[in-house]
Amino acid sequence: MFTDIEAVTRILRDAAAEEILPRFQALKEHEIREKERGELVTVADEAAEKVISRRLADLLPGSLVVGEEATAADPRLLDRLAGDGWIWIIDPIDGTANFARGKTDFAVMAGLLRAGRTAAGWILDVMGDRMAVAEQDAGAWLDGERLQVAAEAPLGEMRGTLHAGTFAGPEMVRQVQARRERVGAVKSLRCAGFEYLRLARGEMHFSLFTRLMPWDHVPGCIIQSEAGGIARTLDGDPYGARSFDAPGLLLAPGEAAWQALHGALFGPD
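First, a word on what this report is: a plain description of the structure on this page. Bear in mind the structure is a predicted one, so any value in this text is a computation, not a measurement.

## Examining the sheet that holds strand 11 (residues 184–185)
Sheet strands line up and pair through hydrogen bonds in the backbone, either parallel or antiparallel. On the basis of which strands lie adjacent, the open sheet formed by 5 strands has the order 11-10-12-14-13 and mixed pairing. Each having just a single partner strand, strand 11 and strand 13 (230–233) make up the two edges of the open sheet. Bridge count for strand 10 (residues 159–163) against strand 11 is 2 bridges, and the pairing is parallel. Counted as the bridge partner of Gly160 is Ala185 from strand 11. Contacts between helix 6 (residues 192–200) and the sheet are confined to strand 10, strand 12 (206–209) and strand 14 (249–252), with strand 12 contributing the most and set at about 155 degrees to the helix. Set on the sheet, helix 7 (residues 214–226) makes contact with strand 12, strand 13 and strand 14; between it and strand 14 the angle comes to about 25 degrees.

## With respect to the pattern of salt bridges
Taken as a whole and assessed by the stated rule, the structure comprises 14 salt bridges. Arg55 is the partner of Asp14 in a salt bridge, and the nearest nitrogen-oxygen pair spans 3.0 Å. Here the residue Asp14 occupies a position in helix 1 (residues 5–20), and Arg55 occupies one in helix 2 (residues 43–59), the gap between them amounting to 41 residues. Overall, the relative accessible area of 28% leaves Asp14 in the partly exposed class. Judged by its relative accessible area of 27%, Arg55 is partly exposed. Measuring nitrogen to oxygen at the nearest pair gives 2.8 Å for the salt bridge that ties Lys35 to Glu69. Note that Lys35 is positioned in strand 1 (residues 32–36) and Glu69 in helix 3 (residues 68–73), a separation of 34 residues in sequence. On the accessibility criterion, Glu69 (11% relative accessible area) is buried. What emerges from the salt-bridge pattern is a single network uniting Arg13, Asp129 and Asp143.

## Here's the deal with the side chain of His262
Relative to the elements of secondary structure, His262 occurs in helix 8 (residues 255–266). At 3.1 Å, the side chain of His262 forms a polar contact with the backbone oxygen of Leu234. Not counting residues within four places of it along the chain, the set of residues in contact with His262 comprises Leu234, Leu250 and Gly267.

## Looking at unusual backbone geometry
Here Ala115, not a glycine, exhibits a phi torsion of approximately 55 degrees, which is positive. Structurally, Ala115 can be placed in the loop between strand 5 (107–114) and strand 6 (117–125). Judged by relative accessible area, Ala115 falls into the partly exposed class, the value being 45%.

## Observations regarding the environment of Leu199
Along the chain, the position of Leu199 falls in helix 6. By relative accessible area, Leu199 is classed as buried at 2%. With sequence-adjacent residues up to four places away left out, Leu199 is seen in contact with Val149, Ala150, Met204, His205, Phe206, Ser207, Gln224 and Leu251.

## A short note on the sheet that holds strand 6
Pairing is mixed in the open sheet, where 7 strands are placed in the order 3-4-5-6-7-8-9. The open sheet has two edge strands, strand 3 (64–67) and strand 9 (145–146), and neither has a second partner. Taken together, the 4 bridges between strand 3 and strand 4 (residues 86–94) define a ladder with parallel strand orientation. The residue bridging Val66 from the neighbouring strand is Ile89, located in strand 4.

## Re the environment of Ala48
With respect to the element layout, Ala48 can be found in helix 2. Through-space distance from the C-alpha of Ala48 to that of Ala15 is 5.6 Å; in sequence the pair is 33 residues apart. Residues in contact with Ala48, not counting those within four places in the same chain, are Ala15, Glu19, Ile20 and Pro92.

## Looking at the nonpolar core
Formed by 38 residues in total, the largest nonpolar core has its most connected members in Tyr196, Ile223 and Leu249. Of all the elements, helix 6 adds the most residues to this core, at 6 residues. Non-local contacts of Tyr196, meaning those with residues more than four positions away in its chain, are made with Ile123, Phe209, Asp216, His217, Gly220, Cys221, Gln224, Leu249 and Leu251.

## Considering the packing of helix 6 against helix 7
Remark: helix 6 packs on helix 7, axes separated minimally by 9 Å, with the N-to-C direction vectors making an angle of 5 degrees. With respect to their mutual orientation, helix 6 and helix 7 come out roughly parallel. Touching Ala192, Tyr196, Leu199 and Ala200 of helix 6 are Asp216, His217, Gly220, Cys221, Ile223 and Gln224, all from helix 7. The class makeup of the residues in the contact of helix 6 with helix 7 is 6 nonpolar, 3 polar and 1 charged.

## A short note on helix 1
Here helix 1 spans 22 Å end to end across 16 residues, near enough to the 22 Å set by a 1.5 Å rise per residue. Every buried residue of helix 1 is listed here: Ile5, Ala7, Val8, Thr9, Ile11, Leu12, Ala15, Ala16, Glu19 and Ile20. Tucked into the core, helix 1 has its buried residues touching helix 2, strand 4, helix 4 (96–100), strand 5, strand 6 and strand 7 (130–135).

Cut-offs and rules
Here the residue numbers are simple positions, counted from 1 along each chain's written sequence. Totals for whole chains, interfaces and linings use all residues, but because this is a predicted model, local features are given only for residues with pLDDT of at least 70 and pairs of side-chain atoms are given and counted only at 80 or more. Remark: hydrogens and water are excluded; side-chain values derive from all non-hydrogen atoms of the structure. Any two strands between which DSSP finds at least two bridges are classified as paired. Going along the chain from the N terminus, every DSSP run of H or I of four or more residues is numbered as a helix, and every run of E of two or more is numbered as a strand. Note on contacts: a residue pair is in contact if any heavy atoms of the two residues lie within 4.5 Å. Between the N-to-C directions of two axes lies an angle of 0 to 180 degrees, each axis being a line fitted to C-alpha atoms and, for a helix, fitted only over the stretch in contact. Salt bridge, as used here, is a side-chain nitrogen of Lys or Arg placed within 4 Å of a carboxyl oxygen of Asp or Glu. Relative accessibility under 20% of the residue-type maximum defines a buried residue, over 50% an exposed one, and the middle range a partly exposed one, all with a 1.4 Å probe and only protein chains included. Counting of polar contacts relies on pairs of N or O atoms within 3.5 Å, with two restrictions inside protein: one atom must be capable of donating a hydrogen and the other of accepting it, and residues adjacent in sequence are counted only when both atoms are side-chain atoms. Throughout this description, the term nonpolar core refers to a set of buried Ala, Val, Leu, Ile, Met, Phe, Trp, Tyr and Cys residues connected via side-chain atoms within 4.5 Å. Oblique is the label for any angle not covered by the other classes, which are roughly parallel (under 35 degrees), roughly antiparallel (over 145) and roughly perpendicular (65 to 115). Throughout, the ten residues Ala, Val, Leu, Ile, Met, Phe, Trp, Tyr, Cys and Pro are labelled nonpolar, Asp, Glu, Lys and Arg are labelled charged, and all others, Gly among them, are labelled polar. What a helix should span is 1.5 Å times the count of its residues minus one.

That's the geometry; what it means functionally is another story.
Here's what the structure looks like:
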């Protein structure tokens, strides 16, 4: 078990204070670029990831790092996820598009793997100064308050987000759009970290994601799971850091809710 939870919390808060907040609503045009279709990166993302990567590696000697921006430059870093050691997963700014546009819905996220299993996760709401933390078998907490997902409810009463747009295949987009009225879809905040905070606090019941890169979901899935929820790929398998080739990820407050949502969105007509 990893025990220095508070040290990671300090590292993420320090990086936000030093590398992210001074650049919020102060980015110059040349400091924002599109690294791939629909994906922005800023100098703040890159600077924060370098600081966080170095400090986390120092905190846990022998550990390796898989950061979003480093992996964009060298996709072979994803091969590290197959290792048996300690692996840090870093999203220096989740919701970069919001950050680049001066919107406050963005987060700093980190996860820790051991032999491929998620041991802990952190989500920092930078502007709200809120930190959610979960450790395997120890519950999920938001600034000392225990988190609990929403109670299961009938299909027609559940509310959540459906992320099936830019990164989903055309068939998936058509199917989800055709069936979205079967579930209580609400507006996305365009930041996975914020969606996970809403799930873990019981503010909504479900989320569907169709892009499963580990930095977007490793931290949030353990927080949602430790708050009592279920995180499974659309194939029905438990979510893991190497699930990025799965067709999608569906999060729900319990087994009956997961089955009802999956059936409504992907079952036979």
